Amino acid sequence: MSARGAALPDFPWDSLAAAAARARAHPGGIVDLSVGTPVDPTPAVVADALRSAADAPGYPQTWGTPALRETVSAWYARRRGVDGVDPDGVLPTVGSKELVAWLPTLLGLGPGDVVAHPPVAYPTYDVGARLARARPAAAGTVDELDELAAGLAASGERLGLLWLNSPSNPTGAVLDVPELAAVVRWARERGVVVASDECYAELGWDAAHDTTRGGLVPSVLDPRVCGGDHTGLLSVYSTSKQSNLAGYRAAFVAGDPALVRDLLAVRKHAGMIVPWPVQVALATALADDAHVDAQRERYRARRDVLLPALRRSGFRVDASGAGLYLWSTREEDCRTTVDALAGRGVLVAPGDFYGPAGARHVRVALTATDERVAQVPDRLADLAGPTA
Ligand SMILES: Cc1ncc(COP(=O)(O)O)c(C=O)c1O
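Nothing here was measured: the structure is a model prediction, and the numbers come from that model.

Conventions adopted
Residues numbered from 1 in each chain as written. Predicted model: local features only at pLDDT ≥ 70, side-chain atom pairs only at ≥ 80, totals over all residues. Heavy atoms only, no water. Phe/Tyr/Trp six-rings, centres within 6.5 Å; stacked < 30°, edge-to-face > 60°. Helix = DSSP H or I, 4+ residues; strand = E, 2+ residues; numbered from the N terminus. Buried < 20%, exposed > 50% of the residue type's maximum accessible area, 1.4 Å probe, protein only. Lys NZ or Arg CZ within 6 Å of the ring centre and 35° of its normal. Salt bridge = Lys/Arg side-chain N within 4 Å of Asp/Glu carboxyl O.

Q: Looking at this structure, how should I read the packing of aromatic side chains?
A: Evaluation of the coordinates by the stated rule reveals 11 aromatic pairs. Each ring, one from Trp-75 and one from Tyr-76, has its centre 5.0 Å from the other, and the planes form 80 degrees; the classification is edge-to-face. With centroids separated by 4.4 Å and ring planes inclined at 40 degrees, the aromatic side chains of Trp-75 and Tyr-237 adopt a geometry described as tilted. In this pair, Trp-75 is assigned in helix α4 (residues 66-79) and Tyr-237 in strand β7 (residues 233-238), connecting sequence segments 162 residues apart. The class of Tyr-237 is buried, set by a relative accessible area of 0%. Following the ring pairs from residue to residue traces out a cluster consisting of Trp-13, Trp-327, Phe-353 and Tyr-354. Over the aromatic face of Phe-315 sits the side chain of Arg-330, whose NZ or CZ is 5.5 Å from the ring centroid.

This is the structure in structure tokens:
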């Protein structure tokens, strides 16, 4: 393996192969709740938009058209409670995983720089730091950041980028305005760029975060968080989950226009361009709220089946107030839980994929069809219920 390959972690899903085989062998077939990949059809309004732009002989703009960037700005105002996103500070990306993996490199970080991410987190924040030859470090709260900063003062390293993820993959925890504001204040005092990965923001379940009940998952660009000043801040968003568009790779980053201009300069040279039909589909998806609301209700119905079934079977479900996952524990090693569920034909992701702090949880995704989800209560029925 090359030196670079060796510096990257093993692809964690490989370690799930035996449990997956066991779940597939169930007479009723597998209920796969392990990967957060959408399973419902791409909305017709978006697919039609993609088709309408199929004739694309010329190169598209890396920056996206002004119309697309204005659509993103209007989306923040309408859906996220954020006025004043400068269209010059918007940039389409080839899905958001690409940006997560390359942001440290695009920002010019490297050896001697540290990239912080939540202690239990989507693994690509760590990968992105390694690709830049920077050092990944787990820290999310102000207390954890203070501790990290004290260590850096001794090592001579510099914190260059701080990732937030709200709602979180895998925990479904939401950072509310005071928590976001505290982290932004901390980072600003130290000149650290904050990138907030918000790709589950349209999927709020708790009253405070459910848009159908007047709630909102706050963005890092929310004026209550940053005082309306987007300097040093990036909000990362994707239509993969809200619009069943993971196959299109349709996402964007928005915030500080100066930072976005820096990213754009590198991305133009590197050919990191969103294809024209996808740019058209992205703008269409962001302008149409009806399909997002319908998809949210599909997930809500699946959650309403899975959550009580898990609780009846002795699971405690932590956080999970928003997003596509139920962060669940039976107070045992996560691999034991994965095996118990695989034996019943249900595949879930072990929490240790997301960091050592996740070792006693499993991540149960809401991304299976209604027919598959409906199988789960019966399959779990013989698991011991709560002991207390
Ligand atoms: C937290 C988080 N960020 C980013 C992504 C990547 O999404 P995409 O590349 O489809 O936009 C995912 C996908 O699961 C995710 O969970």
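Q: What's the story with the pattern of salt bridges in this structure? I'm lost.
A: Between side chains of opposite charge, a pair can form as their charged atoms come close. The tally for this structure, following the rule as stated, stands at 27 salt bridges. In this structure, Arg-51 engages Asp-48 in a salt bridge whose closest nitrogen and oxygen atoms are separated by 2.7 Å. A residue pair is termed a helical-turn pair when its members lie 3 or 4 positions apart in one helix, as Arg-51 and Asp-48 do in helix α3 (residues 44-52) at 3 residues. For Asp-48, a relative accessible area of 42% puts it in the partly exposed group.

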